[in-house]
Amino acid sequence: MAASGSTPLHKPLGLLAELTHRCPLGCPYCSNPIALDPRKDELDTATWARVFREAAALGVLQVHLSGGEPAARRDLVEITKAAHDAGLYTNLITSAVGITDKTLDLLYDAGLDHVQVSIQDSVEASADRIAGYDGAFARKRTFAAAVVARKLPLTVNAVMHRANIEHVGDMVELALALGASRVEIAHVQYYGWALKNRTMLMPSRDQVMHAAAAVEELRARHHGQIVIDAVVPDYYARLPKPCLGGWGRRSLNVTPAGKVLPCHAAESILGLEFWNVRDRSLADIWSHSPAFNAFRGTAWMQEPCASCPKREQDFGGCRCQAFALTSDAAATDPPHVAASGVFGRVNSRLRSPGASWKLSFIRKLTETSREFRRSRFKFSETGRNR
Ligand code: FES
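Residues numbered from 1 in each chain as written. Predicted model: local features only at pLDDT ≥ 70, side-chain atom pairs only at ≥ 80, totals over all residues. Heavy atoms only, no water.

Caption draft 1: Expanded view of the packing of helix α6 (residues 168–178) against helix α9 (residues 205–221). Put simply, α6 and α9 touch, their axes get as near as 9 Å, and they point 30 degrees apart. The pairing of α6 with α9 is recorded here as roughly parallel in orientation. The handedness of the crossing between α6 and α9 is right-handed. Contact with α6, carried on its side by V168, G169, V172 and E173, involves A211, A214, V215, L218 and R221 of α9 and no other residues of that element. Grouping the constituent residues of the contact of α6 with α9 by class yields six nonpolar, one polar and two charged. (Axes fitted to C-alpha atoms, helices over the stretch in contact; angles between N-to-C directions. Helix = DSSP H or I, 4+ residues; strand = E, 2+ residues; numbered from the N terminus. Parallel < 35°, antiparallel > 145°, perpendicular 65-115°, else oblique. Left-handed = near helix turned anticlockwise from the far one by under 90°. Contact = heavy atoms within 4.5 Å. Nonpolar A, V, L, I, M, F, W, Y, C, P; charged D, E, K, R; others polar.)

What follows is the structure, encoded as structure tokens:
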């Protein structure tokens, strides 16, 4: 372990490779940034291959091939092979829209190790509405069956929010029926698009508590059949979470245009300087990038984090969320933020949603999905997807 100043430098274990921001879906909680990278700026195949070799040399074990929709890239098979050849465990994170049986066979032959499919709801009409894409749910079912038929391990990623949180049990049953070995009950985290749409996405505290109890019961009932991971919305957590295992400690994220970020939402923090794999090696960026060193260790912390006995366990929580809620990325997140009143103001509008909330959710969702899809079309006018 080398050292950066007085802060020990850990080895990264995981790399999130955002191959493109292009995507046929328009989910209102998309984790991509508000300002999407255009196709013309995307890294080419050879650069991704170099990044994977450098990542493996740095200690990375696993690469998540993500997007947008990674299948929007014509060279997805070559990229997957490059990651496999570098010795990395390859996980494809996909909406399933745009991957044919033939492409799946080619990906399998290229060394794909694992597939993660997002599913927006257990009810078809609702799932398609949330995704902003008619027929998405049916395609996902077909694709999941094709993945399992090839004996590739499958994870279902179920993003939960106010409109589908009461279907948590059905989502687990659906994952089981699809042959998944793991399901992630991942509540929306509020950065970027999700922050913009927070009012309509945020579940009530009661909904979250019911869902948490349901997950415990489902775990007991399906023990040995499927692994159930669950992430609670930070706004209802009692303590800060050690986001990604700590800033610049365990993982890195490469954007379609080659910027290297400590986490997928790091660009939402104003004033950070990100380096690019076009200009520097991954090892140089990991060790010396100003963005990676901004919140490593504990020297940057303010009170109450600075003297907290848990500061080396939770690292004061999520920097991006702290910035989103307080405009100070070095603030504590989220319980002390909650005490400041920000959370109270947000939550008071969400309590007891009343009978009309579903109608207004659907109206807002449709508007938001349209807006999001428009923004994606805007940058792809010169040649969308393939
Ligand atoms: Fe950026 Fe948590 S998402 S630190």
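Having put the structure on the table, let's press on.
Caption draft 2: Local environment of the pattern of salt bridges. A full pass over the atoms with the stated rule returns 15 salt bridges. D284 is the partner of R280 in a salt bridge, and the nearest nitrogen-oxygen pair spans 3.6 Å. A relative accessible area of 32% places R280 in the partly exposed class. On the basis of relative accessible area, D284 is assigned to the partly exposed category, the value being 25%. Connected through shared salt-bridge partners, R22, E42, R73 and D75 make up one network. (Salt bridge = Lys/Arg side-chain N within 4 Å of Asp/Glu carboxyl O. Buried < 20%, exposed > 50% of the residue type's maximum accessible area, 1.4 Å probe, protein only.)

Caption draft 3: How the structure looks around the sheet that holds strand β8 (residues 182–187). The mixed open sheet is built from nine strands, whose spatial order is β9-β8-β7-β6-β5-β4-β3-β10-β11. In this open sheet, the two strands that pair with only one neighbour each are β9 (227–231) and β11 (260–261). Both strand β7 (residues 154–160) and β8 contribute to a ladder of six bridges, which runs parallel. Residue pairing in the sheet places V156 in a bridge with V183 of β8. Its contacts with the sheet place helix α2 (residues 76–85) against β4 (62–66) and β5 (89–94), and it is angled at close to 150 degrees to β5. (Pairing = 2+ DSSP bridges.)

Caption draft 4: The arrangement of the environment of P203 in detail. Along the chain, P203 turns up in the loop between α8 (198–201) and α9. P203 sits 41 residues away from R162 along the chain, and the two C-alpha atoms are 4.2 Å apart. Beyond its immediate stretch of four places on either side in the chain, P203 contacts R162, I165, Y190, V208, P233 and Y236.

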